[in-house]
Amino acid sequence: MAETVKPYFCGGFSACFASLCVHPIDLIKVRLQILPGDASIMSVGGKIMAEEGVKGLYAGLSASLTRQATYGTARIGLHSAFSKELKERNGGNPIPMWQTFCSSFCSGAIASSIGNPFDVSLVRMQADSTKPVEQRMGYTGVGNAISRIIKEEGFSALYRGYPPTLLRAICMNVGQLMTYDVCTEQFANAGLAGLSLNLASAAGAGFACAWLSLPPDMVKTRLQNMQPDPKTGLMPYKGVVDCFTKIAREEGVLRFWAGFGAYYARCAPHAMIILMVREEVIKVYDGAFGLKK
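To keep things clear, this report deals only with the structure shown in the data block. (Residues numbered from 1 in each chain as written. Predicted model: local features only at pLDDT ≥ 70, side-chain atom pairs only at ≥ 80, totals over all residues. Heavy atoms only, no water.)

### A few points about the packing of aromatic side chains
With the rule as written, the count across this model stands at 12 aromatic pairs. Pairing Phe 101 with Phe 105 gives two aromatic rings, centres 5.7 Å apart and planes at 40 degrees, and the pair type is tilted. Placement of both Phe 101 and Phe 105 in helix α4 (residues 97–127) is noted, with a separation of 4 residues, approximately one turn of the helix. Here Phe 101 falls in the partly exposed class, since its relative accessible area comes to 36%. (Phe/Tyr/Trp six-rings, centres within 6.5 Å; stacked < 30°, edge-to-face > 60°. Helix = DSSP H or I, 4+ residues; strand = E, 2+ residues; numbered from the N terminus. Buried < 20%, exposed > 50% of the residue type's maximum accessible area, 1.4 Å probe, protein only.)

### Some thoughts on the layout of surface pockets
If you add up the space inside the largest pocket, you get close to 1200 Å³. Lining the largest pocket are 34 residues, and of these Ser 80, Ser 83, Lys 84, Lys 87 and Asp 181 sit closest to its centre. Mapped by element, the contributors of at least two residues to the lining of the largest pocket are α1 (2–34), α3 (61–89), α4, α6 (162–189) and α9 (260–289). Its residues placed into classes, the lining of the largest pocket shows 12 nonpolar, 10 polar and 12 charged. For the second largest pocket, the calculated volume is near 580 Å³. Contributing to the lining of the second largest pocket are 20 residues, with Ile 34, Lys 131, Asn 225, Met 226 and Gln 227 lying nearest its centre. Residue composition of the lining of the second largest pocket, grouped by class: 10 nonpolar, 5 polar and 5 charged. (1 Å grid on protein atoms, 1.4 Å probe; cavity = no way out; pocket = protein on both sides within 12 Å on 5 of 7 lines; lining within 4 Å. Points joined across faces, edges and corners; volume = space filled by probe spheres on them. Nonpolar A, V, L, I, M, F, W, Y, C, P; charged D, E, K, R; others polar.)

### Things to note about the pattern of salt bridges
Counted according to the given criterion, the structure contains 16 salt bridges. As a salt-bridge pair, Glu 51 and Lys 47 come within 2.5 Å of each other at their nearest N and O atoms. Highlighted residues: Glu 51 and Lys 47, both in helix α2 (residues 41–52), separated by 4 residues, approximately one helical turn. Arg 249 is the partner of Glu 250 in a salt bridge, and the nearest nitrogen-oxygen pair spans 3.8 Å. (Salt bridge = Lys/Arg side-chain N within 4 Å of Asp/Glu carboxyl O.)

### Let's talk about empty space enclosed by the protein
Summed over the entire model, instances satisfying the criterion amount to 3 cavities of 30 Å³ or more. A volume near 50 Å³ is recorded for the largest cavity. Contributing to the lining of the largest cavity are Asp 26, Lys 29, Val 30, Arg 67, Asp 119, Leu 122, Val 123, Gln 126, Arg 168, Asp 217, Lys 220 and Arg 266. Elements with a minimum of two residues in the lining of the largest cavity: α1, α4 and α7 (194–225).

### Considerations on the environment of Ala 127
Inspection of the secondary structure puts Ala 127 in helix α4. The spatial distance from the C-alpha of Ala 127 to the C-alpha of Thr 232 is 22 Å, given a sequence separation of 105 residues. Contacts of Ala 127, omitting those with residues within four sequence positions, involve Arg 31, Ile 34 and Asn 225. (Contact = heavy atoms within 4.5 Å.)

Now the structure itself:
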């Protein structure tokens, strides 16, 4: 039992811990994606501090932790479980890159379906204070957000923006976990070991997952945060394709990487914290349950 639970507990704990550390950067990233103009990390961060205080930097934290407890646990745990099974089927030898890709692809896809309701709640709570006072939802927590979204907009609203969320999850998992595995092997062959190996591999994984997943993350944020126009009652976007098209046509293709600095500042430390904390949690877990290293 302990062996079966191990990848999920260790992955989920490290994901929650990492999100707690980088939540302010994630909040700023969301604000950059929905605010018009050429806002910067410093201007958005300064505005939040001035108007909402330090507490404002942690808006939506309950949704973030709940999301990681579900989505993060699933994507990291399933990848570890799939990789272990593939390795055993390969006679204990390292699995080829295509199998690592398949493992990270499938685990990311499965996890996205579990975590999407909490992702919608997170985006709504992080963006709420940017709206006019009369349009703010005033969610008090993740439970309140989910229950009100279902009551006021229907259950399907919890899966608004799911296609780009699915694509983002796949890009993030492939970029983070597959790249980490590949970098670890390559850097180890180059002579790196210990903390240096973990840091270098995690930094490479952070950049890859940020670059690949930011465009679908942009679309996901826009779709999950959209509300009907007060005057016409129409939604700003009809769907994923319409959102991609309008952003590209009206704001330019480079807009898909708006806030890349904040996103990378979130993804790289998040990946590094997850991957390094997971290694330490695994050691403690193995020792507590007497499992083989």
